[in-house]
Amino acid sequence: MEPVPGRRWQKVLYERQPFPDNYVDHRFLEELRKNVHARQYRYQAVVFQSGAVVQQLCSVCVFVLTWWYMDAGMLSPQGLFGAALVSSLLGYVLFDAVDGGAGRWASGRTRWADLKSTLVFAAFTYGFSPVLKTLTESISTDTIYAMSALMLLGHLIFFDYGANAAIVSSTLSLNMAIFASVCLASRLPRSLHTFVMVTFAMQIFALWPMLQKKLKARTPRCYVGVTVLFALAALAGLATVSSVGAVLFASLLLAISCLCPYCLIRLQLLKDNIHGPWDEAEIKEDLSRFLM
């Protein structure tokens, strides 16, 4: 009911009206809209996208297991270097084969340039491995382990999983992983161990995600198969060290890949964002011409 007979309320600010400042009529809620920008998710799509998180967790697990085997003397640096070299060559061939070399042609980078970069990195890492080996001698082992765990956790937090968020920083994530590898490698017996460990860290934290992103974009089924095999390999390696740890890690992977997507879908049904006349005005017109 209108407070003043014969006078209808208007939603304007430039005209004086005989109504209280907080007055609204029955038309106020006619423009109410709910969940205008809400995204609709499908369970299979969310599970597929969670593969990036699963793979990065498995990468950290494989890296730590590899360090543990080398520290215990169960894995020689020569054996790890040979396996890493073979896997790098296979990954390099697969990286080009996935898109038929279109990515390389678009970037203009040649194989000779890749070979030179690899040789320079290997030479510098091998030359500085004695320095890296003695870099943390004055730091206690417990502190090294704590810093490595913190750096690997930061690597997982800041890693680019494909989300457009401010917290994502691929450079910071990679630097934290390499820093953790240097810390752990400095506790290995010899400089050769340090060199191989840092080189392996570069492979699994820098090159491996690049291959996975291309597989995810080009061949989704192959990407899913590689993710499952990689997770099984990580679980098998962890089971040789701790069966309880393998069970807990398997539970974590299942929770991330199956339970969390289900919870997201269920909670999405309860989402109730409202939009209406009370929202702040949005200027959608291009005003760049006024800045000239």
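So, here is what we can say about the structure in this document.

## Some words on the packing of helix α2 (residues 51-71) against helix α10 (residues 243-269)
For step 1, the next point in the chain: α10 packs onto α2 with a crossing angle of 160° between their chain directions and a minimal axis gap of 10 Å. For the element pair α2 / α10, the angle class is roughly antiparallel. At the point where α2 passes α10, the crossing takes the right-handed sense. Of the residues in α10, those touching α2 at Val-53, Val-54, Leu-57, Cys-58 and Cys-61 are Phe-249, Leu-252, Leu-253, Ile-256 and Ser-257.

## Digging into a nonpolar patch on the surface
For step 1, the next point in the chain: A contiguous nonpolar surface patch, about 490 Å² in accessible area, is contributed by Val-120, Phe-124, Phe-128, Val-131 and Leu-135.
For step 2, the next point in the chain: Position of Phe-124 relative to the elements: it lies in helix α5 (residues 111-134).
For step 3, the next point in the chain: In this structure Phe-124 comes out as exposed when scored by relative accessible area, which is 52%.

## Topic: helix α3 (residues 77-98)
Along an α-helix, a turn takes 3.6 residues, which lines up residues three or four apart on a common side.
For step 1, the next point in the chain: An ideal rise of 1.5 Å per residue puts 32 Å on 22 residues; α3 measures up with 31 Å between its terminal C-alpha atoms.
For step 2, the next point in the chain: Turning to α3, its buried residues number three or more, namely Pro-77, Leu-80, Ala-84, Gly-91, Asp-96 and Val-98. The buried residues of α3 occupy an angular sector of 145° when the element is viewed end-on, so they sit on one face. When the buried face of α3 is taken as reference, the exposed residues oriented beyond 90 degrees from it are Leu-89, Leu-90, Val-93 and Ala-97.
For step 3, the next point in the chain: Its buried side turned inward, α3 meets α2, α4 (102-107), α5 and α8 (191-218).
For step 4, the next point in the chain: Following α3 by one or two positions, Gly-100 adopts a phi angle in the positive range, close to 70°.

## Brief notes about helix α9 (residues 220-239)
For step 1, the next point in the chain: For α9, built from 20 residues, the straight-helix expectation of 28 Å at 1.5 Å per residue is met to within 8% by its first-to-last C-alpha distance of 29 Å.
For step 2, the next point in the chain: Within α9, burial applies to Tyr-223, Thr-227, Phe-230, Ala-231, Ala-234, Leu-235, Gly-237 and Leu-238. For α9, the angular spread of buried residues about the axis comes to 160°, placing them on one side. Those residues of α9 that are exposed and angled more than 90 degrees off the buried face are Arg-221, Leu-229 and Leu-232.
For step 3, the next point in the chain: Where α9 is buried, its residues touch α1 (43-49), α2, α8 and α10.

## Observations concerning the pattern of salt bridges
For step 1, the next point in the chain: Overall, the coordinates contain two salt bridges when judged by the stated rule.
For step 2, the next point in the chain: Notably, a salt bridge pairs Asp-96 with Arg-111, separated by 3.2 Å at the nearest N-O pair. Taken together, the positions of Asp-96 in helix α3 and Arg-111 in helix α5 put the pair 15 residues apart, joining distant regions of the chain.
For step 3, the next point in the chain: Since its relative accessible area comes to 51%, Arg-111 is described here as exposed.
For step 4, the next point in the chain: Two residues, Asp-160 and Lys-213, come together in a salt bridge whose shortest N-O distance is 3.7 Å. Remark: Lys-213 occurs in helix α8 and Asp-160 occurs in the loop between α6 (141-158) and α7 (170-185); sequence separation between them is 53 residues.

How each quantity is defined
Residues numbered from 1 in each chain as written. Predicted model: local features only at pLDDT ≥ 70, side-chain atom pairs only at ≥ 80, totals over all residues. Heavy atoms only, no water. Axes fitted to C-alpha atoms, helices over the stretch in contact; angles between N-to-C directions. Helix = DSSP H or I, 4+ residues; strand = E, 2+ residues; numbered from the N terminus. Parallel < 35°, antiparallel > 145°, perpendicular 65-115°, else oblique. Left-handed = near helix turned anticlockwise from the far one by under 90°. Contact = heavy atoms within 4.5 Å. Patch = residues over 30% accessible without salt bridge, like charges linked within 9 Å, V, L, I, M, F, W, Y side chains within 5 Å. Areas by Shrake-Rupley, 256 points an atom, 1.4 Å probe, with all protein chains shown as cover. Salt bridge = Lys/Arg side-chain N within 4 Å of Asp/Glu carboxyl O. Buried < 20%, exposed > 50% of the residue type's maximum accessible area, 1.4 Å probe, protein only. Expected span 1.5 Å × (residues − 1). Arc of directions from axis to C-beta.

Without other data, these values stay purely geometric and don't point to any function.
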